[in-house]
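# Close look at the chain arrangement
So the chains spell out like this:
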Amino acid sequence: MSVADWGGTPMVWHDGYREFAAQLGDLYGRCQATYHAFDDLPRLVDQLRILSVNAELASVRAGDHGRAVRVLTHFATESVTRLLGVIPEMIGLKRDTYAQAGTILRAARDVGKIESAGNNILASGNATAITALTALDLAWRSRLAALGAAAAALTKAHGGLQAIIRTVREVVLQTEMIAANIAIEATSAGPHAADLRAIADVMQQHTAGLRAMGDAAGRGMRDASQSNVAMAAFAALGRGGRTAYQGGGRS
């Protein structure tokens, strides 16, 4: 039996690996880019923590002029505490993300090898060999099921990171307001105005860095989400209907 016996049109058994090759190539890099955006977060959080302590000391030295600033520094400390809480969570999500991405890539390579073997068998036109495609199809669907489970876990991990990005953005808004109010208080702090203004300026600088991190992570997450959708579509091929050698075209 030749390829032409399938109606004169060259048939393809499965070609999902080729179809999703570009998304597979981008998968790990997109995951890395999202987390690399927060590489400097621990250092920045430590700087904000030290700054909140210095702000409180400056407000004490300012006496009555620093009374409102002391209240503001308490809010700043709370914001820093929120950021400290997300760091270990982010590290755990990063570890899980890389593990799931690795599982996806390994499963995808297996799928590619199975598809290549199946397509070679189909192209041979050997009726006896074609019966082996049934067993190959089971293996193909099994590896796609493993890929789908890892893709679902990856999407869940990215959902956790999205929650962290929201927290960072909320802290950015809080610290921007705190810095702005400290700057306002500095205008009426008499001889202590310069110290309080310096605190507000440095806080604004750190907040700008934090905002840049959140924006970069958000962009990375949008790219990663596209990869997640593609991997789910790839895995869904294994839940399709008939295959080419069964007379139904590519699944």
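Structure report, in brief. Note that this is a predicted model, so its numbers are computed, not measured. Note that residues are indexed from 1 along each chain, following the sequence as it is written. pLDDT decides what is reported in this predicted model: residues at 70 or higher carry local features, side-chain atom pairs at 80 or more are listed and counted, and totals for whole chains, interfaces and linings draw on all residues regardless. Remark: hydrogens and water are excluded; side-chain values derive from all non-hydrogen atoms of the structure.

### Quick notes on the packing of helix H2 (residues 21-36) against helix H7 (residues 193-236)
Geometry is summarised by axes, namely lines fitted to C-alpha atoms with helices restricted to the contacting stretch, and by angles between N-to-C directions that run from 0 to 180 degrees. Numbering of helices and strands runs from the N terminus, with a helix taken as a DSSP run of H or I at least four residues long and a strand as a DSSP run of E at least two residues long. Two elements in contact, H2 and H7, have axes separated by 9 Å at closest approach and are oriented at 145°. Read as a crossing pair, H2 and H7 show a hand that is left-handed. Contacts between H2 and H7 involve Gln23, Leu24, Leu27, Arg30 and Thr34 on the former and, on the latter, Ala217, Gly220, Met221, Asp223, Ala224, Gln226, Ser227, Ala230, Met231 and Phe234. Residues belonging to the contact of H2 with H7 are distributed by class as follows: 8 nonpolar, 5 polar and 2 charged. The crossing is said to be left-handed when, going from far helix to near helix, the turn is anticlockwise and less than a right angle, and right-handed when the turn is clockwise. Contact criterion: two residues are considered in contact whenever any of their non-hydrogen atoms come within 4.5 Å of each other. Gly is placed with the polar residues, together with every amino acid not listed as nonpolar (Ala, Val, Leu, Ile, Met, Phe, Trp, Tyr, Cys and Pro) or charged (Asp, Glu, Lys and Arg).

### A word on the pattern of salt bridges
Think of a salt bridge as a Lys or Arg side-chain nitrogen and an Asp or Glu carboxyl oxygen that are within 4 Å of each other. For the structure shown, the criterion picks out 9 salt bridges. When the shortest N-O distance is used, the salt bridge between aspartate 110 and arginine 143 registers 3.1 Å. Of this pair, aspartate 110 sits in helix H4 (residues 67-124) while arginine 143 sits in helix H6 (residues 133-186), placing them 33 residues apart in sequence.

### Some words on H2
For H2, built from 16 residues, the straight-helix expectation of 22 Å at 1.5 Å per residue is met to within 8% by its first-to-last C-alpha distance of 24 Å. The largest bend in H2 amounts to roughly 35° and is located at leucine 27. Considering only its buried residues, H2 is in contact with helix H1 (16-19), H4, H6 and H7. Helix span, expected: 1.5 Å multiplied by one less than the number of residues in the helix. Bend at a residue means the angle formed by two fitted axes: the first through the 7 residues ending at that position, the second through the 7 residues beginning there.

### Observations concerning the packing of aromatic side chains
The rule is short: rings of Phe, Tyr and Trp, with Trp giving its six-membered ring, pair when the centres are within 6.5 Å, and they are stacked under 30 degrees, edge-to-face over 60, tilted in between. Counting across every chain of the model gives 4 aromatic pairs. For the ring pair tyrosine 28 and tyrosine 98, a centre distance of 5.4 Å and an interplane angle of 35° mean the geometry is tilted. With tyrosine 28 in helix H2 and tyrosine 98 in helix H4, this residue pair connects regions lying 70 residues apart in the sequence. Each ring, one from tyrosine 35 and one from tyrosine 98, has its centre 6.2 Å from the other, and the planes form 80°; the classification is edge-to-face. Taken as a pair, tyrosine 35 in helix H2 and tyrosine 98 in helix H4 lie far apart in primary sequence, 63 residues in all. For the pair tyrosine 35 and tyrosine 98, one class covers both residues: buried. Partly exposed residues are those whose accessible area sits between 20% and 50% of the maximum for their type, while under 20% is buried and over 50% is exposed, using a 1.4 Å probe and protein chains only.

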